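Here is what each chain is made of, one letter per residue.
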There are 2 protein chains.
Amino acid sequence: MPKIVDHEERREHFIDAAIDVVVREGFERLTMRQIATEAGYSHGAISRYFPDKQSLLAAAFLRLNQKVDERITENVGGLRGLAALESTCRAVLPYADRRNTARVIIAFWDRIPHYSDLREVWEQNSNRWRARFVQHLEEARDDDELHADIDVAVTVNEISARNMGWIMLTVLLPDEVSDDNLDRGLAALLDRIRTSTLATSGS
Amino acid sequence: MPKIVDHEERREHFIDAAIDVVVREGFERLTMRQIATEAGYSHGAISRYFPDKQSLLAAAFLRLNQKVDERITENVGGLRGLAALESTCRAVLPYADRRNTARVIIAFWDRIPHYSDLREVWEQNSNRWRARFVQHLEEARDDDELHADIDVAVTVNEISARNMGWIMLTVLLPDEVSDDNLDRGLAALLDRIRTSTLATSGS
């Protein structure tokens, strides 16, 4: 009987190997051969699943984003409004055990403007996450948790920017950012959305 | 009489050419030959000034940071406290006429963990900018502009993170961010530092 190959499993194996290589070596000198070696396969084996490096990297970026998505879904559970918003941010912020992933994520971000495969993954994911922020801010408004002057569209950008910025800052100044720092910044943000005039509408 | 070469000027010329190539093509496929062509010189001419690509890129990153520094100094003038902090952020945030630079800056950020030359430039610059934030927050405290509960160290990180994050967001979702959006976000931040409980100290 011929050996049965679980193609989905092998594909995932190559994706994991790609992420491991990027974590360890960065993107700059990344080759398909290196990823194949990491995975314990020949270069030919990997090219049956991914025709080129870009398609493999797009799959790896998608995988990383899916992991964040799963964490968000798990964290949010049945919550709504500002509690759900807080849980979503907690699933995204670069706490100490996610620093390797943070490094990889910013490498992908940098390449998004140049590669259409990555851009597609990014646009789908960021649209979905931003829709979550909008939803939870609107729930907060319905539940009278949200300050009356909050402009939802501006606040979605503020939250997105600071989540991305904390990921960047944690990678570039690792000694300056602690988990406690992330917690306190987030608590202060939520406090301001609730009680103050963050991103007031109008001029 | 031999032709007199202004070495400093030629060095600057190569740096500008490197930045132009990165803006147009990205980092990925950047070569010294390409930069030499852009500058209108031979590969040999450029290598007399920069022994390798990393040293040229570090010089280009330094140049970009110096431009931001000059803009900060010009904006801040004789201001102090929260007015100086606002002017500093305005010099850094990715307003529409700085979007090309924003793209280049994030490409450098991504490479900082991997290249010691870039890391050195980054550390010097970020230390200087963070020292400015600390100084202006302390002036604000001395002038009774700052909410009593503000923790300066946490707030410096919050400001750094959101400045970096807005740069990232503007590059990756250019259609979602407007200059007005940047202004309103910054105004709201300052409003919160002044009157609310951003980054309260203690648990």
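Keep in mind the model is a prediction, meaning the values are calculated, not measured.

What about helix H7 (residues 116-142) of chain A?
Along its 27 residues, H7 of chain A runs 38 Å from first to last C-alpha, staying within 8% of the 39 Å computed at 1.5 Å per residue. Positioned one or two residues after H7 of chain A, Asp 144 of chain A has a phi angle of 60°, which is positive.

Description of the relation of the copies chain B and chain A
At an RMSD of 0.0 Å, chain B and chain A line up after a rotation of 180° and a shift of 0.0 Å along the axis. What we have between these two chains is a two-fold relation. When each C-alpha of chain B is compared by its distance to the rotation axis, Gly 165 of chain B comes out closest, at 1.8 Å. The residues that chain B uses at the interface reappear at the interface of chain A in 100% of cases, marking a shared surface.

Some thoughts on the interface of chain B and chain A
Contacts between the two partners involve 47 residues from chain B, matched on the other side by 47 residues from chain A. Interface of chain B and chain A: buried area, both sides summed, is about 4100 Å²; carbon and sulfur atoms make up 54% of it. Interface area lost by chain B to chain A is led by Leu 172, Arg 184 and Arg 192 of chain B, which between them contribute 15%. The interface formed by chain B and chain A contains eight salt bridges. When the shortest N-O distance is used, the salt bridge between Glu 158 of chain A and Arg 162 of chain B registers 2.7 Å. Applying the counting criterion to the chain B and chain A interface returns 14 residue pairs in polar contact (both at pLDDT 80 or more). Elements that contribute at least two residues to the side of chain B that touches chain A include exactly helix H6 (99-111), helix H7 (116-142), helix H8 (152-172) and helix H9 (179-195) of chain B. The element contributing the most residues to the side of chain B that touches chain A is H8 of chain B, with 13 residues. When the residues that make up the side of chain B that touches chain A are grouped by side-chain class, the tally is 20 nonpolar, 13 polar and 14 charged.

Looking at the packing of aromatic side chains
All names here are of chain A. The full count for this structure, using the stated rule, is six aromatic pairs over all chains. Between Phe 14 and Tyr 49, the aromatic rings sit 5.6 Å apart at their centres with planes inclined by 55°, giving tilted as the arrangement. Highlighted residues: Phe 14 in helix H1 (residues 7-25) and Tyr 49 in the loop between helix H3 (43-47) and helix H4 (53-76), separated in sequence by 35 residues. Neither Phe 14 nor Tyr 49 differs from the other in exposure class; each is buried. With 4.8 Å between their ring centres and 20° between their planes, Phe 61 and Phe 108 make a pair best called stacked. Separated by 47 residues along the polypeptide, Phe 61 in helix H4 and Phe 108 in helix H6 (residues 99-111) bring together distant segments of the chain. One aromatic cluster is present, built from ring pairs that chain together Phe 14, Tyr 41 and Tyr 49.

Here we look at the pattern of salt bridges
Pairing of side chains with opposite charge becomes possible as their charged atoms draw close. For the structure shown, the criterion picks out 28 salt bridges over all chains. With a shortest N-O distance of 2.9 Å, Asp 143 of chain A and Arg 80 of chain A are connected by a salt bridge. Taken together, the positions of Asp 143 of chain A in the loop between H7 and helix H8 (152-172) and Arg 80 of chain A in the loop between H4 and helix H5 (81-92) put the pair 63 residues apart, joining distant regions of the chain. For Arg 80 of chain A, a relative accessible area of 41% corresponds to the partly exposed category. Notably, a salt bridge pairs Asp 151 of chain A with Arg 184 of chain B, separated by 2.9 Å at the nearest N-O pair. Here the residue Asp 151 of chain A occupies a position in the loop between H7 and H8, and Arg 184 of chain B occupies one in helix H9, the pair thus bridging two chains. Classification of Asp 151 of chain A as buried rests on a relative accessible area of 17%. Residue class for Arg 184 of chain B comes out buried when judged on its relative accessible area of 19%. One network of salt bridges, with partners in common, ties together Asp 110 and Arg 111 of chain A together with Asp 110 and Arg 111 of chain B.

Parameters at a glance
Note that residues are indexed from 1 along each chain, following the sequence as it is written. Chains and ligands are labelled by the order in which they are written, letters from A for the one and numbers from 1 for the other. The predicted origin of the model limits local features to residues at a pLDDT of at least 70 and limits the giving and counting of side-chain atom pairs to 80 or more, whereas totals for whole chains, interfaces and linings rest on all residues. Hydrogens and water molecules were not included; the side-chain quantities draw on all heavy atoms of the structure. Runs of H or I in DSSP of at least four residues are treated as helices and runs of E of at least two as strands, each being numbered from the N terminus. A helix is expected to reach a length of 1.5 Å times the quantity of its residues less one. Residues below a pLDDT of 70 in either copy are left out; the C-alpha atoms of the rest, at least 70 in both, set the least-squares superposition of the copies. By the convention used here, residues are in contact when the closest approach between their heavy atoms is within 4.5 Å. By buried area we mean how much accessible surface two parts lose on assembly, using a 1.4 Å probe and totalling the loss over both. Any Lys or Arg side-chain nitrogen located within 4 Å of an Asp or Glu carboxyl oxygen qualifies as a salt bridge. The definition of a polar contact used here is a pair of N or O atoms within 3.5 Å, where within protein one atom must be able to donate a hydrogen and the other to accept one, and adjacent residues in sequence count solely through side-chain atom pairs. For this classification, Asp, Glu, Lys and Arg are treated as charged, while Ala, Val, Leu, Ile, Met, Phe, Trp, Tyr, Cys and Pro are nonpolar and the rest, including Gly, are polar. Side-chain rings of Phe, Tyr and Trp, where Trp is taken by its six-membered ring, are said to pair if the distance between their centres is within 6.5 Å; with planes under 30 degrees apart they count as stacked, over 60 as edge-to-face, and otherwise as tilted. Exposure is judged per residue with a 1.4 Å probe applied to protein chains only, and the accessible area is read against the type maximum: over 50% gives exposed, under 20% gives buried, and values in between give partly exposed.

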